Amino acid sequence: MPTFPAAFADLEPYADWALPSEGDRYAKRLDSSMDELQAFYDAVFPRLADSTTYLEGVPYEGMSEADQRLLWLFSSLVTVSFPVEVWRQPRVPDSGASSVDVVVEPH
Amino acid sequence: MPKFNKPDEGSWTEHFGLATTPSSYDDSISPDFYELERDAVFRKTWLNVGRVEQLPRNGTFFTKELDAARTAVILVRDMAGEIRAFHNMCRHRGNKLVWNDYPREETSGVCRQFTCKYHGWRYGLEGDLNFVQQEQEFFDLDKAAFGLVPVKVDVWEGFIFVNLDPEAPPLRESMGRLGAGLEGYRFDLMTQKHTYRAEIGANWKLFIDAFMEFYHAPVLHAKQATEEESRKLQGYGYEALHYDVDGSHAMVSSWGGMSPPKDESMVKPIERVLRSGLFGPWEGPDVGELPPGVNPSRHPAWGIDSFLFFPNFMLLLWKPNWYLTYHYWPTSYNTHIFETSLYFAPPQNAFERLQQELAVVTFKEYALQDGNTLEATQSMIETRTVTEFPLCDQEVMLRHLHTVTKQHVAAHQQAQPGTPVRVSAAS
């Protein structure tokens, strides 16, 4: 069974980024190299940029499983945009050992 | 040359009758002072422990650790729909009544009665002791005298507060003029919630200090903007639109031109695509007219108001109609648990959900920078190498917080016989 809606089949190689929790998405970012993050960003960012109309047509409540996974994938792009667009490293600079952990989040 | 008007006294600091001399942080590095704060502040003031949406129907409950106030509480909506609070403690042998797996971890759920894990004593949601295991083995046990110990509880605009002081004035009165100015804000519409939690190695007041001034923002968070925008922001420096104080509560009203930005090339690619950022989705939901306490100077460049309801509850209201809360729960003189919840109107579609995700994640990136900076501050002020620190007029709310905290402690000591630790009421 494909992970994403048919129109997004090209994103299948990045299916392991379709993670339901912000905490997991952030952990995967910290476990990745900048090359991996850049490759993910370069593949997924243009697809977000040209999918606004599609995403606006997906009702938040009651969306299909494929759309939910697509939403999680694009949520990972949000998490990955910081190292790629700003920090040039996976971790927030000067954040040391500090952590800020999600405890409640919507789907 | 100031960009925004200051009061006639020439400064906000003098306007509020605060000293302009260097400030001491002896209230943030002393275990003895913290012990006084626990009784003088955290056992005397209304503490926000949650919102009514956490108790959606009869029988729902959640627990809250209040280490600073020397207790832990249960909040529950009883079978008549009334919200009640109790010390989380069985009357038999003092076991913590409601917990799962780890006694120090908070929990929530739904039930018809509370059953103690130890010997099976059972309490109704109104606090009555209903069942005692092998009751006949006890000696003249009057069950009516062994109900759960209640805690004063009240609700303001959907926010649930408790107060350990049975003599405390009513909550609404305690919220004062700043609270009254926010009544009617559509907190009830903004139910899409993200909560974060962090253990911070600094005194609780130091983190409030960081969030009650934006003087640091163009510097510490410089990289969060594009390079050109960042240089511009550092050149401007920071000035608030407005400050206000009512008793121990305080607020700062701030500009924020990023929602939407005047020039989209000034923001990051992800922000351009999602039309969102730190200030939230650029086009927020329509929630009608804002109450008079929001954007009190009615400035067109307004972006965000930050309210501190003393001691440890902050409310931040953003121009695109969403809000967040900060809570600082001390666990010792130099540690605390920081909690923040971001509340949005529920998204209508997947795109709106992503716009909110960007605001949430941006906030987290900032908080990681802020939290670590605080540990760096705490560790050095504890050396007492330097004991007096100059504060500028844009740091007026820090001066206010430390001043009123010392005043609460001094007043509490005056009301108590004995002479524990000396504190000066001035900052």
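In short, a report on the structure. (Residues numbered from 1 in each chain as written. Chains lettered and ligands numbered in written order. Predicted model: local features only at pLDDT ≥ 70, side-chain atom pairs only at ≥ 80, totals over all residues.)

### Brief notes about the packing of helix H2 (residues 31–42) of chain B against helix H9 (residues 396–415) of chain B
Residue and element names in this part refer to chain B. Interaxial distance between H2 and H9 falls to 9 Å at its minimum, and their mutual angle equals 90°. In terms of orientation, H2 lies roughly perpendicular with respect to H9. For the pair H2 and H9, contact is made by Leu 36, Glu 37, Asp 39, Ala 40 and Val 41 and by Thr 405, His 408, Val 409 and His 412, respectively. Broken down by class, the residue content of the contact of H2 with H9 amounts to four nonpolar, three polar and two charged. (Axes fitted to C-alpha atoms, helices over the stretch in contact; angles between N-to-C directions. Helix = DSSP H or I, 4+ residues; strand = E, 2+ residues; numbered from the N terminus. Parallel < 35°, antiparallel > 145°, perpendicular 65-115°, else oblique. Contact = placed C-beta atoms within 7 Å. Nonpolar A, V, L, I, M, F, W, Y, C, P; charged D, E, K, R; others polar.)

### With respect to the interface of chain B and chain A
By a frequent convention, interface size equals the accessible area lost on bringing the separate parts together. Listed as interface residues are 32 residues of chain B and, on the opposing side, 34 residues of chain A. Of all the elements, helix H8 (residues 350–381) of chain B adds the most residues to the side of chain B that touches chain A, at 15 residues. Along the lines of polarity and charge, the residues of the side of chain B that touches chain A split into 14 nonpolar, nine polar and nine charged. Where strand E1 (residues 101–104) of chain A meets strand E11 (residues 192–200) of chain B, three bridges bridge the pair, whose relative direction is antiparallel. Looking at E11 of chain B, one finds that Val 102 of chain A is bridged to Tyr 196 of chain B. (Pairing = 2+ DSSP bridges.)

### Notes on the sheet that holds strand E9 (residues 150–156) of chain B
Residues and elements named next belong to chain B. Taken together, the seven strands give an open sheet; going across it, the order is E1-E10-E9-E4-E3-E2-E5, and neighbouring strands pair in antiparallel fashion. In the strand order of this sheet, the two ends are held by strand E1 (47–51) and strand E5 (108–110), each with one partner. Taking the axes of each pair of neighbouring strands and ignoring which way they run, one obtains an average angle of 30° across the sheet. As judged from the five bridges shared by E9 and strand E10 (residues 159–163), these two strands associate in the antiparallel manner. Note that in E10 the partner of Val 153 across the bridge is Val 162. Most of the contacts of helix H3 (residues 171–180) go to E9, to which it runs at about 35°, and overall it touches E9 and E10.

### Observations regarding H3 of chain B
What sets the pattern is the α-helix's 3.6 residues per turn: residues three or four places apart point alike. Residue and element names in this part refer to chain B. Every buried residue of H3 is listed here: Leu 171, Ser 174, Met 175, Leu 178 and Gly 179. Seen from one end, H3 has its buried residues packed into an arc of 90°, which puts them on one side. For H3, the exposed residues lying more than 90 degrees away from the buried face are Glu 173 and Arg 177. Where H3 is buried, its residues touch E9, E10, strand E12 (242–246), strand E13 (249–255) and strand E14 (302–309). (Buried ≥ 20, exposed ≤ 12 C-beta atoms within 10 Å, placed from the backbone. Arc of directions from axis to C-beta.)

### A word on the pairing of strand E17 (residues 335–344) of chain B
Residue and element names in this part refer to chain B. The two faces of E17 differ: His 336, Phe 338, Thr 340, Leu 342 and Phe 344 on one face are buried, but Thr 335, Ile 337, Glu 339, Ser 341 and Tyr 343 on the other face are not. Sheet topology places E11 next to E17; nine bridges connect them, and they run antiparallel. Each bridged residue has a counterpart across the sheet, and for Ile 200 the counterpart in E17 is His 336. In this sheet, E17 lies alongside strand E16 (residues 322–332) in antiparallel orientation, the contact comprising nine bridges. Directly across from Leu 324, in E17, lies its bridge partner Leu 342.

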